[in-house]
Amino acid sequence: MAKKSFPLSKVYSLLEPGPVVLVTTALKGRPNVMTMSWLTMMEFEPPLVGCVMSDLNYSFDILKSTKECVINIPTVEIAAKVVACGNSSGRKVDKFSKFGLTPVAASRVKAPLVGECYANLECKVADAKLAAKYGFFVLEVLKAWIDPLIKHPRTLHHRGRGEFMIAGETIKLPSRMK
Ligand SMILES: Cc1cc2nc3c(=O)[nH]c(=O)nc-3n(C[C@H](O)[C@H](O)[C@H](O)COP(=O)(O)O)c2cc1C
């Protein structure tokens, strides 16, 4: 079958795995939240997560100085709020109150959990050597929380330009991993 050329500017939309997350940070007791889809697992245990955060974002400044954050994993039920957090800056607004999200105290970091998300990962920055050049941070997950009632979370997966896939069918195949 003939394939057609695909613009380099859209390559990200083929590879972005998601799920889209909400990254929370806090500075001097004031919490902030931003939407993020560019993240990847790097190690099983302790879990390491790599992520790209633009230095134009207020969250970048807070993460760089406090070296901690929470990765919150939302589901489709709060999709509109997730997008809203990605289209406004905490420099100007309190996104928790503006978009009706609930900050819940974390156990290992000062950044809050987002109560409405089905899972929350408390993280510290393990490596910021590539932050200045690429906005790339390696985060170590210190503590993880999950809603035990949600067995098949309908997470959001960004396809670019306002399009999202919603996680659906799960299949199980033989695996070497126990
Ligand atoms: C679906 C979606 C995914 C996004 N993914 C990222 C990302 O991976 N990295 C990033 O730096 N910004 C990403 N953004 C943009 C930030 O969320 C946005 O710039 C936000 O306003 C930053 O907020 P802040 O200034 O309060 O930190 C994304 C936005 C949306 C809507």
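These figures come from a predicted structure and were not determined experimentally. (Residues numbered from 1 in each chain as written. Predicted model: local features only at pLDDT ≥ 70, side-chain atom pairs only at ≥ 80, totals over all residues. Heavy atoms only, no water.)

The omega angle of the peptide bond from Glu 45 to Pro 46 is 0 degrees, so this bond is cis rather than trans. Along the chain, Pro 46 turns up in the loop between strand E3 (39-43) and strand E4 (48-52). Phi angles above zero are rare outside glycine, and Arg 161 is one such case at about 45 degrees. Of note, Arg 161 is situated in the loop between strand E10 (156-160) and strand E11 (163-166). (Helix = DSSP H or I, 4+ residues; strand = E, 2+ residues; numbered from the N terminus.)

Side chains of Phe 6, Leu 8, Val 11, Leu 14 and Leu 15 sit close together on the surface and give an oily, nonpolar patch of about 550 Å² of accessible area. Assignment of secondary structure puts Leu 8 in the segment before helix H1 (12-15). (Patch = residues over 30% accessible without salt bridge, like charges linked within 9 Å, V, L, I, M, F, W, Y side chains within 5 Å. Areas by Shrake-Rupley, 256 points an atom, 1.4 Å probe, with all protein chains shown as cover. Salt bridge = Lys/Arg side-chain N within 4 Å of Asp/Glu carboxyl O.)

Bringing the sheet that holds E4 into the picture now. Here we have seven strands laid out as an open sheet, ordered E2-E1-E5-E8-E9-E4-E3, and antiparallel in their pairing. Two strands lie at the open edges of the sheet, namely strand E2 (30-36) and E3, each paired on one side alone. Looking at each pair of strands side by side, their axes are set apart by 35 degrees on average, direction ignored. On top of the sheet, helix H2 (residues 58-66) reaches strand E1 (21-27), E2, strand E5 (68-73), strand E8 (119-127) and strand E9 (136-146); it is set at about 60 degrees to E1, its chief contact. (Pairing = 2+ DSSP bridges. Axes fitted to C-alpha atoms, helices over the stretch in contact; angles between N-to-C directions. Contact = heavy atoms within 4.5 Å.)

Take the pattern of salt bridges next. Applying the stated criterion to the full structure yields two salt bridges. Between Asp 61 and Arg 91 there is a salt bridge, with its nearest N and O atoms 3.0 Å apart. Taken together, the positions of Asp 61 in helix H2 and Arg 91 in the loop between helix H3 (79-85) and helix H4 (95-98) put the pair 30 residues apart, joining distant regions of the chain.

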